[in-house]
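One-letter residues, chain by chain:
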Amino acid sequence: MNRAAVIGVGQTRHAQKRTDVSIPGLLREAALRALEDAELTFRDLDAVVIGKAPDMFEGVMMPELFLAEALGAVGKPMMRVHTAGSVGGSTGLVAAHLVQAGVHRRVLAVAFEKQSESEAMWALSPKLPFQPPLVAGAGGYFAPIIRAYLKRSGAPDEVGMMVAVKDRKNALKNPYAHLQLPDISLDTVRASPMLWDPIRYLETCPSSDGACAVVIGDEAGARRAPRKPAWIWGGAMRSEPTMFAGRNLVDPRAGRDCAKDLYSQAGITDPRREIDVAELYVPFSWFEPMWLENLGFAERDQGWRLTADGVTALDGDLPVNPSGGVLSSNPIGASGLLRFAEAALQVRGLAGEHQVDGARVAMGHAYGGGSQYYAMWIVGSELR
Amino acid sequence: MRPVAIVSFAQTPFVRRTRLNDAELVMEVVTAALERARLPRHEIGFCCSGSSDFLTGAPFSFVGALDAVGAWPPIQESHVEMDGAWALYEAWVRLQHGDLDTALVYAFGRSSLGDLQDVLVQQLDPYYLAPLGADPIGLAALQARALLDGGEFTERDFAEVAAQNRARAQSNRHAQVRGSRPAGALLDEPYLAAPLRKHDCPPISDGAAAIVLAAGDRARALCERPAWIAGIDHRIEPHALGARDLTRSPSTERAAREANAHERPIDVAELHAPFSPQELILRRALALPGSTAINPSGGALAANPIMVAGLVRLGEAAARVIDGVAARALGHATSGPCLQQNLVCVLEARP
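About the cut-offs
- Residues numbered from 1 in each chain as written.
- Chains lettered and ligands numbered in written order.
- Predicted model: local features only at pLDDT ≥ 70, side-chain atom pairs only at ≥ 80, totals over all residues.
- Heavy atoms only, no water.
- Helix = DSSP H or I, 4+ residues; strand = E, 2+ residues; numbered from the N terminus.
- Rg over C-alpha atoms; globule rule 2.2 N^0.38 Å.
- Contact = heavy atoms within 4.5 Å.
- Areas by Shrake-Rupley, 256 points an atom, 1.4 Å probe, with all protein chains shown as cover.
- Lys, Arg positive; Asp, Glu negative; His and termini not counted.
- Charge placed at Lys NZ, Arg CZ, Asp CG, Glu CD.
- Axes fitted to C-alpha atoms, helices over the stretch in contact; angles between N-to-C directions.
- Parallel < 35°, antiparallel > 145°, perpendicular 65-115°, else oblique.
- Left-handed = near helix turned anticlockwise from the far one by under 90°.
- Nonpolar A, V, L, I, M, F, W, Y, C, P; charged D, E, K, R; others polar.
- Salt bridge = Lys/Arg side-chain N within 4 Å of Asp/Glu carboxyl O.
- Phe/Tyr/Trp six-rings, centres within 6.5 Å; stacked < 30°, edge-to-face > 60°.
- Lys NZ or Arg CZ within 6 Å of the ring centre and 35° of its normal.
- Domains from an automatic or database assignment.
- Buried area = accessible area lost by both parts, 1.4 Å probe.
- Buried < 20%, exposed > 50% of the residue type's maximum accessible area, 1.4 Å probe, protein only.
- Expected span 1.5 Å × (residues − 1).
- Arc of directions from axis to C-beta.
- pLDDT = per-residue confidence, 0-100.
- 1 Å grid on protein atoms, 1.4 Å probe; cavity = no way out; pocket = protein on both sides within 12 Å on 5 of 7 lines; lining within 4 Å.
- Points joined across faces, edges and corners; volume = space filled by probe spheres on them.
- Core = buried A, V, L, I, M, F, W, Y, C linked by side-chain atoms within 4.5 Å.
- Disulfide = S-S within 2.5 Å.
- Polar contact = N/O pair within 3.5 Å; in protein donor to acceptor, adjacent residues only side chain to side chain.

A.B. asks: Explain the overall build of chain A here, please?
C.D. replies: What chain A contains, in helices and strands, is 14 helices and eleven strands. Here chain A has a C-alpha radius of gyration of 19 Å; the compact-globule value for 384 residues is 21 Å, and the two agree. Dimensions of chain A along its principal axes, counting C-alpha atoms only, are 55 × 45 × 45 Å. For chain A, the proportion of contacts with a sequence separation of at least 24, taken over those separated by at least 6, is 77%. A total of about 12700 Å² of accessible surface is found on chain A, and carbon and sulfur atoms cover 51% of it. Side chains of chain A give 40 positive and 43 negative charges; the mean places of these two sets differ by 3 Å.

A.B. asks: Please clarify how the packing of helix H3 (residues 87–100) of chain A against helix H4 (residues 84–95) of chain B should be interpreted in this entry.
C.D. replies: When two helices pack together, their arrangement is given by the angle between their axes and by how far apart the axes lie. Two elements in contact, H3(A) and H4(B), have axes separated by 9 Å at closest approach and are oriented at 55 degrees. Relative to H4(B), the element H3(A) is oriented oblique. Along this stretch, H3(A) crosses H4(B), giving a crossing that reads as left-handed. On the side of H3(A), the interface is formed by Val94(A), His97(A) and Leu98(A), while H4(B) contributes Tyr89(B), Glu90(B), Val93(B) and Arg94(B).

A.B. asks: What am I meant to see in the packing of helix H7 (residues 155–168) of chain B against helix H11 (residues 276–286) of chain B here?
C.D. replies: All names here are of chain B. Their axes nearest at 8 Å, the elements H7 and H11 cross at an angle of 95 degrees. Between H7 and H11, the angle falls in the class roughly perpendicular. Contacts between H7 and H11 involve Asp157, Phe158, Val161, Ala162, Gln164 and Asn165 from the first element and Ser276, Pro277, Glu279, Leu280 and Arg283 from the second. Partitioned by chemical class, the residues of the contact of H7 with H11 number five nonpolar, three polar and three charged.

A.B. asks: Which parts of the structure should I look at to understand the pattern of salt bridges?
C.D. replies: Side chains carrying opposite charge are able to pair once their charged atoms draw close together. All names here are of chain A. Evaluated as defined, the whole model comprises 50 salt bridges over all chains. The closest approach of N and O atoms between lysine 114 and aspartate 209, which form a salt bridge, is 3.9 Å. Residue lysine 114 is found in strand S4 (residues 106–114), and its partner aspartate 209 is found in strand S7 (residues 209–218); the two are separated by 95 residues along the sequence. The network of salt bridges with shared partners includes Arg13, Arg18, Asp20, Glu29 and Arg33.

A.B. asks: Can you walk me through the packing of aromatic side chains in this structure?
C.D. replies: A full pass over the atoms with the stated rule returns 18 aromatic pairs over all chains. Residues Tyr141(A) and Phe142(A) carry aromatic rings whose centres are separated by 5.1 Å and whose planes lie at 85 degrees to one another, so their mutual orientation is edge-to-face. Taken together, the ring pairs in this structure connect Tyr141(A), Phe142(A), Trp196(A), Tyr281(A), Phe284(A), Phe287(A), Trp291(A), Tyr367(A) and Tyr374(A) into an aromatic cluster. Taking the ring centre of Phe112(A) as reference, the NZ or CZ of Lys52(A) above it sits at 5.3 Å. Positioned above the aromatic ring of Trp72(B), the side-chain terminus of Arg253(A) is 5.5 Å from the ring centre.

A.B. asks: It is not clear to me how the domain arrangement of chain B should be interpreted in this structure. Could you clarify?
C.D. replies: The extent of an interface is frequently quoted as the accessible surface area lost upon association of the parts. All names here are of chain B. By the assigned domains, chain B splits into domain 1 (4–115 + 204–225) and domain 2 (117–203 + 228–348). With 46 residues of domain 1 in contact, the opposing surface of domain 2 contributes 41 residues. Roughly 3400 Å² is buried in total at the junction of domain 1 and domain 2, and carbon and sulfur atoms are behind 68% of that figure. Three residues, Trp86, Asp115 and Arg225, lead the burial of domain 1 against domain 2; their summed loss comes to 21% of the area buried on that side. Among the secondary structure elements, those contributing two or more residues to the side of domain 1 that touches domain 2 are strand S1 (4–11), helix H2 (53–56), H4, strand S4 (102–110), strand S7 (206–215) and helix H9 (216–222). Ranked by residue count, the leading element in the side of domain 1 that touches domain 2 is S1, at seven residues.

A.B. asks: Can you help me understand the side chain of Gln278(B) in this one?
C.D. replies: Residues and elements named next belong to chain B. Structurally, glutamine 278 is set in helix H11. Residue class for glutamine 278 comes out buried when judged on its relative accessible area of 4%. Apart from the residues lying within four places of it in its own chain, the contact partners of glutamine 278 are Gln143, Ala273, Cys338 and Leu339.

A.B. asks: Help me understand helix H1 (residues 22–37) of chain B in this model?
C.D. replies: Residues separated by three or four positions in an α-helix point in the same direction, a consequence of the helix having 3.6 residues per turn. All names here are of chain B. Under the 1.5 Å per step criterion, the end-to-end length of H1 is 23 Å for 16 residues, consistent within 8% with the ideal 22 Å. For H1, the full list of buried residues reads Asp22, Leu25, Val26, Val29, Val30, Ala33, Leu34 and Ala37. In a view along the axis of H1, the buried residues occupy a sector of 145 degrees, so they form one face of it. Residues of H1 that are buried make contact with S1, H2, helix H3 (61–65), S4, S7 and H9.

A.B. asks: How do you make sense of the interface of chain A and chain B when you look at a structure like this?
C.D. replies: Counting residues at the interface gives 54 residues for chain A and 55 residues for chain B. Together chain A and chain B conceal approximately 4600 Å² of surface at their shared face, both sides included; 67% is due to carbon and sulfur atoms. For chain A, the biggest contributors to the area lost against chain B are Met61(A), Leu65(A) and His82(A); these three give 16% of the whole. Inspection of the region where chain A meets chain B yields zero salt bridges.

A.B. asks: Any chance you could explain the confidence of the model for chain B here in plain terms?
C.D. replies: Interpretation of the predicted coordinates at a detailed level should be avoided for regions scoring low in pLDDT. Per-residue pLDDT for chain B has a mean of 97; in total, 100% of the residues score no lower than 70. ipTM for the predicted complex: 0.97, alongside a pTM of 0.98.

A.B. asks: What am I meant to see in H3(A) here?
C.D. replies: All names here are of chain A. Taking 1.5 Å of rise per residue, 14 residues should cover 20 Å, and H3 covers 19 Å from first to last C-alpha, within 8% of that figure. Counting buried residues along H3, 14 of its 14 residues qualify, which places the element largely inside the surrounding structure. Just past H3, the residue glycine 102 takes up positive phi, approximately 85 degrees.

A.B. asks: Help me out: how do you make sense of the layout of surface pockets in this one?
C.D. replies: Empty space among the atoms can be located by rolling a probe the size of a water molecule over them. Residue and element names in this part refer to chain B. The calculated volume of the second largest pocket comes to roughly 900 Å³. Looking at the second largest pocket, it is lined by 45 residues, and the ones nearest its centre are Cys201, Pro202, Pro274, Phe275 and Asn304. Put simply, the parts of the chain that give the lining of the second largest pocket at least two residues each are helix H5 (116–121), helix H6 (136–149), H7 and strand S11 (328–335). Broken down by element, the lining of the second largest pocket gets its largest block of residues, four residues, from H6. A class-by-class count of the residues in the lining of the second largest pocket yields 27 nonpolar, eleven polar and seven charged.

A.B. asks: Looking at this model, I keep getting lost on the nonpolar core. Mind explaining?
C.D. replies: Nonpolar side chains in soluble globular proteins tend to be buried together. In terms of nonpolar packing, the biggest core is built from 98 residues, with Tyr263(A), Phe297(A), Met363(A) and Ile378(A) touching the most fellow members. With eight residues, the top contributor of residues to this core is helix H1 (residues 23–38) of chain A. Core analysis: the second largest hydrophobic core is formed by 85 residues, Cys212(A), Val308(B), Leu311(B) and Val312(B) among them.

A.B. asks: What should I look at first to understand the state of the cysteines in this one?
C.D. replies: The term disulfide refers to a covalent linkage connecting the sulfur atoms of a pair of cysteines. A complete count under the given rule lists zero disulfides over all chains for this structure. With no disulfide of its own, Cys205(A) lies 17 Å from the sulfur of Cys212(A), the closest cysteine sulfur.

A.B. asks: So what exactly am I meant to see when it comes to the environment of Met376(A) here?
C.D. replies: Topologically, Met376(A) is positioned in strand S11 (residues 373–380). C-alpha of Met376(A) to C-alpha of Val6(A): the two residues are 370 residues apart in sequence and 14 Å apart in space.

A.B. asks: Sorry, what's going on with the side chain of His234(B) here?
C.D. replies: Position of His234(B) among the secondary structure elements: in strand S8 (residues 227–236). For His234(B), the side chain forms a polar contact with the side chain of Trp86(B), separated by 3.1 Å. Contact partners of His234(B), with chain neighbours within four places excluded, come to Lys76(A), Pro77(A), Met78(A), Met79(A), Trp86(B), Tyr89(B), Ala255(B), Gln341(B), Asn342(B) and Leu343(B).

Set out below in structure tokens:
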């Protein structure tokens, strides 16, 4: 397998409604920034991989078809990935696979969502024959899973609120982040309305318009890149069915297996010590401790202690979501690639105000569906 | 590149309205394709599928279909919101990494759940094209008109394509539409959207298909005569119809070159041409010799399950290699209005 690295990263300013740009305009904003970072043009790219969550979020079927021109893909291979909420991560991996397989030398991965074009709650709550209508969107689906975690782990109520505050404080250091809430505190989170018990309004992600792009290059391209590359040490995807008797929704096996595969590729035996910073897909605050356990950063039922002890804070021992994470910006289809891209920025030393000092190894993580689709990668500042 | 072959192919019968749901359709073809290769489910290295939420009218329709694969313990899996032919491409890329030896590819589509003409309008540029309500038949008619205006083809040529495909479909038990009427008789029919008549248009189909890929020695162990992928490539053109010469398919030409289509003669070609004039455009783009048998299955004019029909072309082409009819075959898939995006896969027998 050939070596590959991230040589360009770009993202939009994420906002509730980007009425100033069309869908192609939104993608170009991210793509052109990634190309500028890599000092390349569309002409230099061999292929384009587009990812986004359900087409109903914008009401355009297979929108990649009409985006071909805007992304300079005419005459090139273009692919469209859709693996539920993990799609942003999968998009990065599919693009990396093309380079690692030796098929292409430079590939652009772009992921987006322009949620203001539609209504995600509606799009996620269709009434299908022979299935109970949930009509509660993602929050309604995940709240019982969080309740199960709280019951199982005995974590104090405040931990979820701590995550909500931490990620929003981090977002203040990220000029691209959607939510900018300078006055956020445990008190404001506690006082915010309860949406889906135990998820309060300020413990949930926003609906965002946004896009993210990364340029992935081969080894030669990475060595020539104007800025430091983020070398891809490993990437993994796993899926499991939505429902079956005995399924562990709090700590899904697909996530565990995916992380195990990933660490083995990256030569990591103790993620808690060897990974310097992690960008995890945390759309509801309690998913931070849950994923810390699922990914092997903490023992079962102990993940919340890392949050409570400040380990996951920007100045902690294992900063989680220094960018502000999904809790601060959630253009759904792009959210996974944003995690991957932020991990790359960290090891490239280009994360600006939310840079983690001395970050050498970083993890990007995405999940989707009913906690059943996973995409992850590990990037390093040096070639492994 | 690492040698990878199609070792097994299965498809459902294609019908106007199935009584099966997505998972049931997928279950049928996945089980058949795996049984044909005698490959147990747990030995699948990578899995990739193609489908569209807009056909089902529900988000994440591919998630439910995953139940048919048996994704437990968890599997390495991906999905493209594209025809299954592109899922096969992703799987082929993944097998190049060398750590996995087998892949399962499947696609499903039920056009019967909505009004396909209306659904496919939503596939167009939402700012400039979709508001016009240009449906796929209308767009294909524009393309056909451009072809006639070019002076190289006539409506009789369209009818010949339709007659030949429907005649060949008579020996394809999976086909939805078959026919024995000669081109001359077809020309007596009224226009549906001039210059297209009903016979120039594809049927509306439900169905699914699955393919098993294997690399190197594993392919030889799973299949007596694997259909080796000699080349596979895909290209996209501008979406805006005004930005293209609709009578040409430069993306097909390019993909064919990249896929080594012209190295040696092609014995059988399966072309994904939902509308009869498109087959003429594709034949020209592929520069196929007269000796090439085109669409022995009847092609997309015999059955056109959206998101599946391209994968079926690759499967049918591979099947001709596997069953010994062809030494070298070509499978083609298309996506988007008026042949916007095209994939070419060249398959061959190897000693």
